[in-house]
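Observations on the three-dimensional arrangement
One-letter residues, chain by chain:
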Amino acid sequence: AGPGVLYLSVPEAAQQFGVKLAKLINFEFLEGVSAWQVVKSYFADAGDRAPASNFEATMRVLDVISEAAVGLKNVLGHPPVMVIDDTALLAREDPKVLNLLQDFAKRRADDGTFVVVFTSSEGLVPHMLTSRSAKSRMRKIIEIRDPTVEQATQYLTCRGVTENI
């Protein structure tokens, strides 16, 4: 992804979404920890800081992103964008986290500091997102179908690809 864009594909083990999101932004679940506690953590078990659930991990990372959103918008000149791909996995395996993400997206849309894009290849996600009150800031759902063979051939030909089309 380019400057100002976070791209995250929901992992096959959707319960690891929050941890994967944390890794994407180099977040180590150290919020509210003193310098001494950080040093001590290198010599002792850091389990007391580790999130107890995917929901908690995601919530903690989104809190940090929320705090950084205004500064990022000022630096970029526009709100940063987070693209969450294959959200159907979350819809099926951890719908509470998908709801948390939608609530985050709504709050950031309200204050104009962040844009969240949800992608899915299944109809479950649009249904879930439109059935909640947080849909009030949601833009139109756009369905992008796979290109036809003719469209794909034309696209490749226009770009100079001619081998074995």
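Residues numbered from 1 in each chain as written. Predicted model: local features only at pLDDT ≥ 70, side-chain atom pairs only at ≥ 80, totals over all residues. Heavy atoms only, no water.

So, on to the side chain of Asn54. With respect to the helices, strands and loops of the structure, Asn54 is situated in helix 3 (residues 54-76). With relative accessibility at 6%, the residue Asn54 sits in the buried group. Polar contacts involving the side chain of Asn54 include one to the main-chain amide nitrogen of Phe17, which spans 3.3 Å. Apart from the residues lying within four places of it in its own chain, the contact partners of Asn54 are Ala14, Gln15, Gln16, Phe17, Gly18, Leu90, Asp94 and Val97. (Helix = DSSP H or I, 4+ residues; strand = E, 2+ residues; numbered from the N terminus. Buried < 20%, exposed > 50% of the residue type's maximum accessible area, 1.4 Å probe, protein only. Polar contact = N/O pair within 3.5 Å; in protein donor to acceptor, adjacent residues only side chain to side chain. Contact = heavy atoms within 4.5 Å.)

Working note: a packed helix pair is described by the angle between its axes plus the distance between those axes. Two elements in contact, helix 1 (residues 17-24) and helix 3, have axes whose closest approach is 7 Å; the angle formed by their N-to-C orientations is 30°. Relative to helix 3, helix 1 is oriented roughly parallel. Note that helix 1 runs across helix 3; the crossing there is left-handed. In contact with Phe17, Gly18, Val19, Leu21 and Ala22 of helix 1, helix 3 contributes Asn54, Ala57, Thr58, Val61, Leu62 and Ile65. (Axes fitted to C-alpha atoms, helices over the stretch in contact; angles between N-to-C directions. Parallel < 35°, antiparallel > 145°, perpendicular 65-115°, else oblique. Left-handed = near helix turned anticlockwise from the far one by under 90°.)

On to the sheet that holds strand 3 (residues 115-118), then. Taken together, three strands build an open sheet; the order of strands is 1-2-3 and the sheet is parallel. Looking at which strands have only one partner, the edges of the open sheet turn out to be strand 1 (5-9) and strand 3. Taking each pair of neighbouring strands and ignoring which way they run, the sheet shows an average axis angle of 15°. Relative to strand 3, strand 2 (residues 81-85) runs parallel, the two sharing four bridges. What sits directly across from Val81, in strand 3, is Val115. Its contacts with the sheet place helix 1 against strand 1 and strand 2, and it is angled at close to 145° to strand 1. (Pairing = 2+ DSSP bridges.)

Chain-level pLDDT for the chain is 82 on average; 81% of the residues reach the 70-or-more range. The least confident element of the chain, judged by mean pLDDT, is helix 2 (residues 35-41) at 53; the most confident is strand 2 at 94. (pLDDT = per-residue confidence, 0-100.)

Despite not being glycine, Asp86 shows a phi value in the positive range, around 60°. As for its position among the elements, Asp86 is in the loop between strand 2 and helix 4 (88-93).

Counting 30 residues, the largest nonpolar core has Phe17, Leu21, Leu62, Met82 and Leu90 as its most contacted members. Counting only elements with at least two residues in this core, the list comes to helix 1, helix 3, strand 2, helix 4, helix 5 (95-111) and helix 6 (124-130). With six residues, the top contributor of residues to this core is helix 5. For Leu90, the residues in contact, after removing those within four places along its chain, are Val10, Ala14, Phe17, Asn54, Pro95, Val97, Leu98 and Leu101. (Core = buried A, V, L, I, M, F, W, Y, C linked by side-chain atoms within 4.5 Å.)

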